[in-house]
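The lines below spell out each chain.
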Amino acid sequence: MDQNFENVPDRKNKYVEAFCASWVTYTLIAVNIIVFLVLEIMGDTENAEFMYLHGASYPRAIYEDGEYWRFFTAAFLHFGFEHLFNNMIGLGCAGHFLEEALGHGKYLVLYLLAAVGSNFVSYEQMCHSNEYAVSAGASGAIFAVIGGLLWVVIRHKGKYESLTTRGMFFMIALCLYYGISTAGVDNWSHLGGLVIGFILSIILYRPRRKVIDLDTEYPYT
């Protein structure tokens, strides 16, 4: 039986295009998963001492021993599978929107700066309250992605692709409520990331100019 393949969509090309459009997001997800799997093989990712020994943030290690690199490494560590899963779902859902809006380079800059910045905010709060805890996770950077998206939506007068201002505020409120109502969540990191992402998006985001084909829009008659 003859079959015409001319009108059959090329699924492979669609997958390639989707990956190319959000390759930084997918790479970040892959890095987080790989780090988690390696640590899980080595020991117990739900053990605070084990996570501290492998790069989680802890105030005394930072201000007493000068281990400032923990602000960075802590953003790629997770306490157990559920912690990793929730964060990667959030990054996957929000990341591709902001990566498309900012471009790969600016998106990566925002993510990494917010990862360090949100951990610094958490560190400062712990030092101020004298309540020290081992902390880790990508959620501060993910909140920064959400904060960055909020500015993009606002910049587009309340609607960007399928996102709206009302929807963004509802999502932010829901995420913050979950953090506040759940024990062991670093809410200062979340708030810090949200604000940092919003500010960085104001600095980095430039709407693309629409190119008008005059022959198409205003044809000669």
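Each chain carries its own residue numbering, running from 1 in the direction its sequence is written. With pLDDT at 70 or above as the cut-off, local features in this predicted model cover only qualifying residues; side-chain atom pairs require 80 or more to be listed or tallied, and sums for whole chains, interfaces and linings still use all residues. Just so you know, side-chain values use all the structure's heavy atoms and leave hydrogens and water out.

Let us look at the overall build of the chain. Scanning the chain for helices and strands turns up eleven helices and two strands. Tracing the chain from N to C terminus, the helices and strands come up as α-α-α-α-α-α-α-α-β-β-α-α-α. Residue pairs in contact within the chain that sit at least 24 positions apart in sequence constitute 74% of those at least 6 positions apart. Areas reported here follow the Shrake-Rupley algorithm with a probe of radius 1.4 Å; residue values treat only the protein chains shown as occluding. When the accessible surface of the chain is summed, it comes to about 13,600 Å², and 62% of that surface belongs to carbon and sulfur atoms. Only DSSP runs of H or I reaching four residues or more are called helices, and only runs of E reaching two or more are called strands; each is numbered from the N terminus. In this description, contact between two residues means that some pair of their heavy atoms is separated by no more than 4.5 Å.

The next subject is the environment of Ile202. Tracing the backbone shows Ile202 in helix H10 (residues 187-204). Between the C-alpha atom of Ile202 and that of Val152, which follows or precedes it by 50 residues, the distance is 8.2 Å.

General note: in soluble globular proteins, nonpolar side chains tend to be found buried as a group. Ranked by internal contacts, the top residues of the largest apolar core, which has 40 residues, are Leu91, Leu98 and Tyr107. Those elements that provide at least two residues to this core are helix H2 (23-42), helix H6 (80-102), helix H7 (104-129), helix H8 (139-155), helix H9 (165-181) and H10. Tallying contributions element by element places H8 first for this core, with eleven residues. Dropping the residues within four chain positions of it, Tyr107 is found in contact with Val24, Thr25, Leu28, Leu91, Gly95, Leu98, Glu99, Leu102 and Val145. Only buried residues count toward a nonpolar core. Its members are Ala, Val, Leu, Ile, Met, Phe, Trp, Tyr and Cys residues joined through side-chain atoms within 4.5 Å. Three exposure classes are used, based on accessible area relative to the maximum for each residue type with a 1.4 Å probe and protein chains only: buried under 20%, partly exposed in between, and exposed over 50%.

Okay, the packing of H2 against H6 next. Inter-axis angles, ranging from 0 to 180 degrees, are taken between N-to-C directions of lines fitted to C-alpha atoms, where helices are fitted over the stretch in contact. Put simply, H2 and H6 touch, their axes get as near as 8 Å, and they point 170° apart. Judged by the inter-axis angle, H2 sits roughly antiparallel to H6. Of the residues in H6, those in contact with Trp23, Val24, Thr25, Leu28, Ile29, Asn32, Ile33 and Phe36 of H2 are Gly80, Phe81, Leu84, Met88, Leu91, Gly92, Gly95, His96 and Glu99. Partitioning the contact of H2 with H6 into residue classes produces ten nonpolar, six polar and one charged. Working rule for angles: under 35 degrees goes down as roughly parallel, over 145 as roughly antiparallel, 65 to 115 as roughly perpendicular, anything else as oblique. Charged residues are taken to be Asp, Glu, Lys and Arg, nonpolar residues to be Ala, Val, Leu, Ile, Met, Phe, Trp, Tyr, Cys and Pro, and polar residues to be all remaining types, Gly included.

When you line up the elements, Thr45 lands in the loop between H2 and helix H3 (48-53). Within the structure, Thr45 has its side chain in polar contact with the side chain of Glu40 (distance 2.6 Å). Looking at Thr45, its side chain comes within polar contact range of the main-chain nitrogen of Gly80, at 3.3 Å. Here a polar contact means two N or O atoms within 3.5 Å. Within protein one must be a hydrogen donor candidate and the other an acceptor candidate, and residues neighboring in sequence count only if both atoms are side-chain atoms.

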